[in-house]
Amino acid sequence: MYGSTITIQYCLWHGMQTWIFNLDAYSCIMYILSYISKAEREMGDLLKTAQQEARERNLNAMDELRKLGSHYLLHREVSVMESVYRVTGMHMKQCSRQAIFIPTDPDSERLSLPLQQLQNKQENTDEILMPKMIDKYLGRPKELANICLATFASECRYIGQQNNATDSISLITGLDTIEKRLNKPAIIRYPKVKIQKDREKYYSSILRLYLPFTVEEFKPTTYDTFESYFLQGSYNGKFVREIVSANMQKYEPLAKELENLSENLQENPYQENSWANLAPQTEMERIQQTQGMSTEEYIPPE
């Protein structure tokens, strides 16, 4: 490092401290980072040594990985907070309500079945993908025919195949079963689409969430767009917009207010000098005391 070194001795406790005046910004950054990453650097050197020893002993990949993992767990520095967290078995997070994500896009990605299930299937089968949330919703029994997708995801829980529980409900598409949530309904999460950016996608999203349907392509062919179906369509003798609005009020009672608040914060960001506008006299007195300025020299912030 560049600069001069000054050694100061404290007479009270007979200590000595060396001060280095650094005049190079790059050297200062490297000096700080070397202290921050000291533990990681030492751990990296230790793992390199363990890897060399494992390769000298001609260990296979699995044994080499076990050796590296053992060295990492035994020699890693653990902070006091992490130690307390591990000893007491604390949770990283704990919620009183479960949250569930609902994909409203019909072209959303799907996961394949586990390899073990694929191996047990026939070679010519097309059933290689895991069922989506909408697939389970479309397979609901008749007693749940009038609930929307949001209610189905919030109040029902998927419990798998061939469940013998007394409260389980079998889906009509196969052996899968669901049951009503015993505790509070789950909180639904879904992709938010702004009506100003894509009107058709917005209406498609809210119709899939809050309007009951029995087929995936539920929009009648007599309507060209989802918006026209929302404004003019009917379902079981009721207007579509009334059904959707009632269900939206259940799950999004303050959606418009929160959206307006978010837009307001984006257009008018937080003002650091807002306190000066609320109490300008107090702000002036504070600056006078801290900076020794007179009243004539003080310029209020804009």
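Procedures and definitions
- Residues numbered from 1 in each chain as written.
- Predicted model: local features only at pLDDT ≥ 70, side-chain atom pairs only at ≥ 80, totals over all residues.
- Heavy atoms only, no water.
- Helix = DSSP H or I, 4+ residues; strand = E, 2+ residues; numbered from the N terminus.
- Buried < 20%, exposed > 50% of the residue type's maximum accessible area, 1.4 Å probe, protein only.
- Contact = heavy atoms within 4.5 Å.
- Patch = residues over 30% accessible without salt bridge, like charges linked within 9 Å, V, L, I, M, F, W, Y side chains within 5 Å.
- Areas by Shrake-Rupley, 256 points an atom, 1.4 Å probe, with all protein chains shown as cover.
- Salt bridge = Lys/Arg side-chain N within 4 Å of Asp/Glu carboxyl O.
- Lys, Arg positive; Asp, Glu negative; His and termini not counted.
- Charge placed at Lys NZ, Arg CZ, Asp CG, Glu CD.
- Axes fitted to C-alpha atoms, helices over the stretch in contact; angles between N-to-C directions.
- Parallel < 35°, antiparallel > 145°, perpendicular 65-115°, else oblique.
- Left-handed = near helix turned anticlockwise from the far one by under 90°.
- Nonpolar A, V, L, I, M, F, W, Y, C, P; charged D, E, K, R; others polar.
- Expected span 1.5 Å × (residues − 1).
- Arc of directions from axis to C-beta.
- Core = buried A, V, L, I, M, F, W, Y, C linked by side-chain atoms within 4.5 Å.
- Phe/Tyr/Trp six-rings, centres within 6.5 Å; stacked < 30°, edge-to-face > 60°.
- Lys NZ or Arg CZ within 6 Å of the ring centre and 35° of its normal.
- Pairing = 2+ DSSP bridges.

Visitor: Quick one: what's the story with the overall build of the chain, residue by residue and with numbers?
Guide: Scanning the chain from N- to C-terminus turns up 13 helices and nine strands. Counting the 302 residues in the chain, one finds 25% classified as buried. Taking all contacts inside the chain whose residues are at least 6 apart in sequence as the whole, residues at least 24 apart take part in 48%.

Visitor: Would you mind going over a negative patch on the surface in detail, with residue names and values included?
Guide: A grouping of Glu-40, Glu-42, Asp-45 and Glu-77 is seen on the molecular surface, where their side chains present a negatively charged patch. Among the structural elements, Glu-42 can be located in helix α2 (residues 38-56).

Visitor: Would you mind going over the packing of α2 against helix α3 (residues 61-75) in detail, with residue names and values included?
Guide: Viewed as axis vectors pointing N to C, α2 and α3 meet at an angle of 150°, and their least axial separation amounts to 10 Å. In terms of orientation, α2 lies roughly antiparallel with respect to α3. The handedness of the crossing between α2 and α3 is right-handed. When α2 is examined against α3, the residues Met-43, Leu-46, Leu-47, Ala-50, Gln-51, Glu-53, Ala-54 and Arg-55 are found in contact with a partner set consisting of Glu-64, Lys-67, Leu-68, His-71, Tyr-72 and His-75. Along the lines of polarity and charge, the residues of the contact of α2 with α3 split into seven nonpolar, three polar and four charged.

Visitor: Hey, could you go over helix α10 (residues 240-251) for me, with residue numbers and the actual values?
Guide: An ideal rise of 1.5 Å per residue puts 16 Å on 12 residues; α10 measures up with 17 Å between its terminal C-alpha atoms. Among the residues of α10, those classed as buried are Val-240, Ile-243, Val-244, Asn-247, Met-248 and Tyr-251. Seen end-on, α10 carries its buried residues on one side only, within an arc spanning 125°.

Visitor: Quick one: what's the story with the nonpolar core, residue by residue and with numbers?
Guide: By size, the foremost hydrophobic cluster in this structure holds 37 residues, and its most contacted members are Ile-188, Leu-207, Tyr-210, Leu-211 and Val-244. Going through the elements one at a time, α6 (133-138), α7 (149-155), α8 (199-210), α9 (226-232) and α10 are the ones with two or more residues in this core. Once residues within four sequence positions are removed from consideration, Leu-211 is found in contact with Tyr-137, Cys-148, Ile-206, Phe-218, Tyr-229, Tyr-235, Val-240, Ile-243 and Val-244.

Visitor: Can you explain the packing of aromatic side chains? Please cite residues and give values.
Guide: Evaluation of the coordinates by the stated rule reveals eight aromatic pairs. Here the aromatic rings of Phe-213 and Phe-218 are separated by 4.7 Å at their centres, their planes lie at 20°, and the arrangement is stacked. For the pair shown, Phe-213 and Phe-218 are each scored as buried. Measuring from ring centre to ring centre gives 5.2 Å for Tyr-223 and Tyr-229, while their planes differ by 50°; the resulting arrangement is tilted. This pair shows no difference in class: Tyr-223 is buried, exactly as Tyr-229 is. Three or more aromatic residues joined by ring pairs make a cluster, and in this case those are Tyr-137, Phe-152, Phe-213, Phe-218 and Phe-226. Positioned above the aromatic ring of Tyr-190 is the side chain of Lys-192, whose terminal nitrogen or guanidinium carbon lies 5.2 Å from the ring centre. Note that Lys-219 overlies the ring of Phe-226, its terminal NZ or CZ placed 5.6 Å from the centroid.

Visitor: Please give an account of the pairing of strand β6 (residues 176-180) that cites residues and values.
Guide: Along any regular strand, the residues point their side chains to alternate faces of the sheet. Across the five residues of β6, four count as buried, placing the element largely inside the fold. Both strand β5 (residues 168-170) and β6 contribute to a ladder of three bridges, which runs antiparallel. Counterpart to Ser-168 in the pairing with β6 is Glu-179.

Visitor: Please provide a residue-by-residue account of the side chain of Arg-208, values included.
Guide: The topology assignment puts Arg-208 in helix α8. At 4.8 Å, Glu-217 is the nearest oppositely charged side chain to Arg-208, a buried residue that forms no salt bridge. Excluding residues that lie within four positions of it along the chain, Arg-208 makes contacts with Thr-104, Pro-106, Ile-134, Leu-149, Phe-213, Glu-216 and Phe-218.

Visitor: Got a sec to walk through the pattern of salt bridges? Specific residues and values, please.
Guide: Going through the model one piece at a time under the given rule, you end up with six salt bridges. Among the ionic pairs, Arg-66 bridges to Asp-63, the shortest N-O distance being 3.0 Å. Residue Arg-66 and its partner Asp-63 are located together in helix α3, separated by three residues, close to a single helical turn. Relative accessible area serves as the criterion here: at 30%, Asp-63 is assigned to the partly exposed category. Among the ionic pairs, Glu-155 bridges to Lys-250, the shortest N-O distance being 3.2 Å. Here Lys-250 lies in helix α10 and Glu-155 lies in helix α7, a separation of 95 residues in the sequence. Of the residues examined, Lys-250 reaches a relative accessible area of 49% and is grouped as partly exposed. One salt-bridge network, in which partners are shared between bridges, spans Glu-155, Lys-180 and Lys-250.

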